[in-house]
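Below are the chains, spelled out letter by letter.
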Amino acid sequence: MKIIDTDIAIVGGGASGLVAGIAAARYGCNNITILEKLPRVGKKILSTGNGRCNLTNSFISADDYDGDTELLSYISGDIENSEEFFSSLGLLCRADDTGRVYPFSNTAASVLDTLRFAADFAGINTICEYYVTDIKKAKNRFIITNGETEVRTRRVIIATGGKAAPSLGTTGEGYALCKKLGHSSTKLYPALAPIRTDVGLVKAVKGLRIAADVSLLAGGKIIDRQSGEVQFADGALSGICIFNLSATAAKYVDKGEISLDTAPTLGKEELYNIIKNSAEIRATLPCEELLTGIYHKRIGQAILKKVGVVFSKTCGEITPKEISLICTAAKDSRYPVKGVSDWSLAQITCGGIPANEVSDKLESLKASGLYLCGEILNIQGRCGGYNLDWAWKSGYTAGMNASLSLLE
């Protein structure tokens, strides 16, 4: 069996793993090896932000995260600002009106290239197509193997990601590796994903989008609320605002509802008067045209069907009571939560290794010399650059501390 000796082995060459290596080199380690199971590093980075890589957010705060948010306080070193970190590597960035930060080139490949160049410049050894099958601790070293090559290392950083988007390489093996070294995991479930609902409620409007205020309801109470563009998918609701509700919605499967206010800028009385006026203007037209001009035709027809308006009527025959029901449906259209879409459609993993199993240096409390970073830990952010920001910062913190520990 081939044997490789290294000081720091990083399992996973994605966002957090690449930055962990760069940080470890900055803080003095000159013998670093990244083990990546895919033919090349950073595949998932290329898919983020619809191929543009929304790498952080200008307005980031602890309120944008869920899970073990105390982990945010563990971030250390000279990476308080992710945009400044990338600037130090030669990447020019810009923010949009919502605070989402993208590379100036508007392509994720620029982000990955910047990280690859920095890793190469630091002399980091990258071994691709290395699928870790076993990891164990032997005295003051770790032994990692893929069955053919044994990597002996003084420190290990697990940066394998979670289970979301398995086609991009994140299939959850990191949890099993951590379990071998004494760790547990909270319940794992997909998030930043479409929310499944009754197929019949969205079938007629599949493929359409609408601006809405979106509420997650359970037991008659509002659990969470978001605003934005909702997309009607195949048996599901989608869009960034839906993604941001999905982690919480997963706790209310078959107990919760999604409420859409599809006229968020209009009060109910104002909407009533607009629809009443439309009925008068279009008095001789079929009632299915009543909401055309307010909504996409198919969405308007779906609202009418939902309240039981008979399509054989004309607009002029719509009653005040029916207009009131239409307004209610427009301002509070309900969709039962049937689940969150599977891992293939999820952007992140909810759950992971709990904060009480790592130190404030992101070192394992179960196996000294082991460091954890990125999505494998139990912390999740909203859609908008927050999860990549955590990946960069936690990777940097783990790499820095792993490197400094070698000097002790």
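Refer to the structure above for everything that follows.
This is a predicted model, so every value here is computed, not measured.

### Quick notes on unusual backbone geometry
Inference 1: Even without a glycine there, the phi angle at Lys-139 is positive, about 55°.
Inference 2: When its relative accessible area of 81% is taken as the criterion, Lys-139 is described as exposed.
Inference 3: Phi at Leu-362 is positive, roughly 65°, even though this residue is not glycine.
Inference 4: Structurally, Leu-362 can be placed in the loop between β19 (348-350) and β20 (370-372).
Inference 5: For Leu-362, a relative accessible area of 0% puts it in the buried group.

### Structural notes on the nonpolar core
Inference 1: Formed by 40 residues in total, the largest nonpolar core has its most connected members in Ile-45, Leu-55, Val-111, Leu-115, Ile-157 and Trp-392.
Inference 2: Of all the secondary-structure elements, those providing two or more residues to this core are β1 (2-11), α1 (15-26), β2 (32-36), α2 (82-88), α3 (108-121) and α10 (386-405).
Inference 3: Val-111 has contacts with Ile-45, Cys-53, Leu-55, Phe-86, Leu-91, Pro-103 and Trp-392, leaving out every residue within four places of it along the chain.
Inference 4: Judged by nonpolar contacts, the second largest core, of 39 residues, contains Val-214, Leu-216, Ile-242 and Ile-258.

### Notes on the packing of α1 against α3
Inference 1: Relative to each other, α1 and α3 sit at 35°, their axes nearing to 9 Å. As for how α1 packs across α3, the hand of that crossing is left-handed. Residue-level contacts link Leu-18, Val-19 and Ile-22 of α1 to Leu-112, Leu-115, Ala-118 and Ala-119 of α3.
Inference 2: For the contact of α1 with α3, the residue count by class is 7 nonpolar, no polar and no charged.

### Description of the sheet that holds strand β15 (residues 236-238)
Inference 1: A sheet is described by the order of its strands in space; here 7 strands give the open sequence β17-β16-β13-β14-β15-β12-β18, paired in antiparallel fashion. Both outer strands of the open sheet, β17 (333-336) and β18 (339-340), are each paired with one neighbouring strand and no more.
Inference 2: Lying on the sheet, helix α8 (residues 297-306) is in contact with β13 (209-218), β14 (221-233) and β17; it crosses β17 at an angle near 85°.
Inference 3: The strands touched by helix α9 (residues 320-331) are β16 (256-261) and β17; relative to β16, the strand with the most contacts, the crossing angle is about 115°.

### Observations regarding the side chain of Ser-215
Inference 1: Assignment of secondary structure puts Ser-215 in strand β13.
Inference 2: Of the residues examined, Ser-215 reaches a relative accessible area of 10% and is grouped as buried.
Inference 3: A polar contact is formed between the side chain of Ser-215 and the side chain of Arg-225, at a distance of 3.4 Å.
Inference 4: If near-sequence neighbours (up to four positions away) are discounted, Ser-215 is found in contact with Ile-222, Asp-224, Arg-225, Glu-257, Ile-258 and Ser-259.

### Things to note about the sheet that holds strand β3 (residues 56-57)
Remark on secondary structure: sheet strands pair via backbone hydrogen bonds, oriented parallel or antiparallel.
Inference 1: If you walk across this open sheet you meet the 3 strands as β3-β6-β5, and the pairing is antiparallel. If you trace the sheet from one side to the other, it starts and ends with β3 and β5 (93-95), each paired once.
Inference 2: Across 3 bridges, β5 lies against strand β6 (residues 100-103) in antiparallel orientation. Of the residues in β6, the one forming a bridge with Arg-94 is Tyr-102.

### Structural notes on the pattern of salt bridges
Inference 1: Under the criterion given, the structure shown has 19 salt bridges.
Inference 2: Linking Arg-26 and Asp-78 is a salt bridge whose minimum nitrogen-to-oxygen distance equals 3.8 Å. Here Asp-78 lies in the loop between β4 (65-67) and α2 and Arg-26 lies in helix α1, a separation of 52 residues in the sequence.
Inference 3: Looking at Arg-26, the relative accessible area reads 37%, which means it is partly exposed.
Inference 4: Residue Asp-78 is classed as partly exposed on the basis of its relative accessible area, which comes to 46%.
Inference 5: When the shortest N-O distance is used, the salt bridge between Asp-64 and Arg-382 registers 2.9 Å. You can see Asp-64 sitting in the loop between β3 and β4 and its partner Arg-382 sitting in the loop between β21 (379-381) and α10, a full 318 residues away along the chain.
Inference 6: Exposure remark for Asp-64: the relative accessible area of 9% places this residue in the buried category.

Reading guide: rules and limits
Residues numbered from 1 in each chain as written. Predicted model: local features only at pLDDT ≥ 70, side-chain atom pairs only at ≥ 80, totals over all residues. Heavy atoms only, no water. Buried < 20%, exposed > 50% of the residue type's maximum accessible area, 1.4 Å probe, protein only. Helix = DSSP H or I, 4+ residues; strand = E, 2+ residues; numbered from the N terminus. Core = buried A, V, L, I, M, F, W, Y, C linked by side-chain atoms within 4.5 Å. Contact = heavy atoms within 4.5 Å. Axes fitted to C-alpha atoms, helices over the stretch in contact; angles between N-to-C directions. Left-handed = near helix turned anticlockwise from the far one by under 90°. Nonpolar A, V, L, I, M, F, W, Y, C, P; charged D, E, K, R; others polar. Pairing = 2+ DSSP bridges. Polar contact = N/O pair within 3.5 Å; in protein donor to acceptor, adjacent residues only side chain to side chain. Salt bridge = Lys/Arg side-chain N within 4 Å of Asp/Glu carboxyl O.

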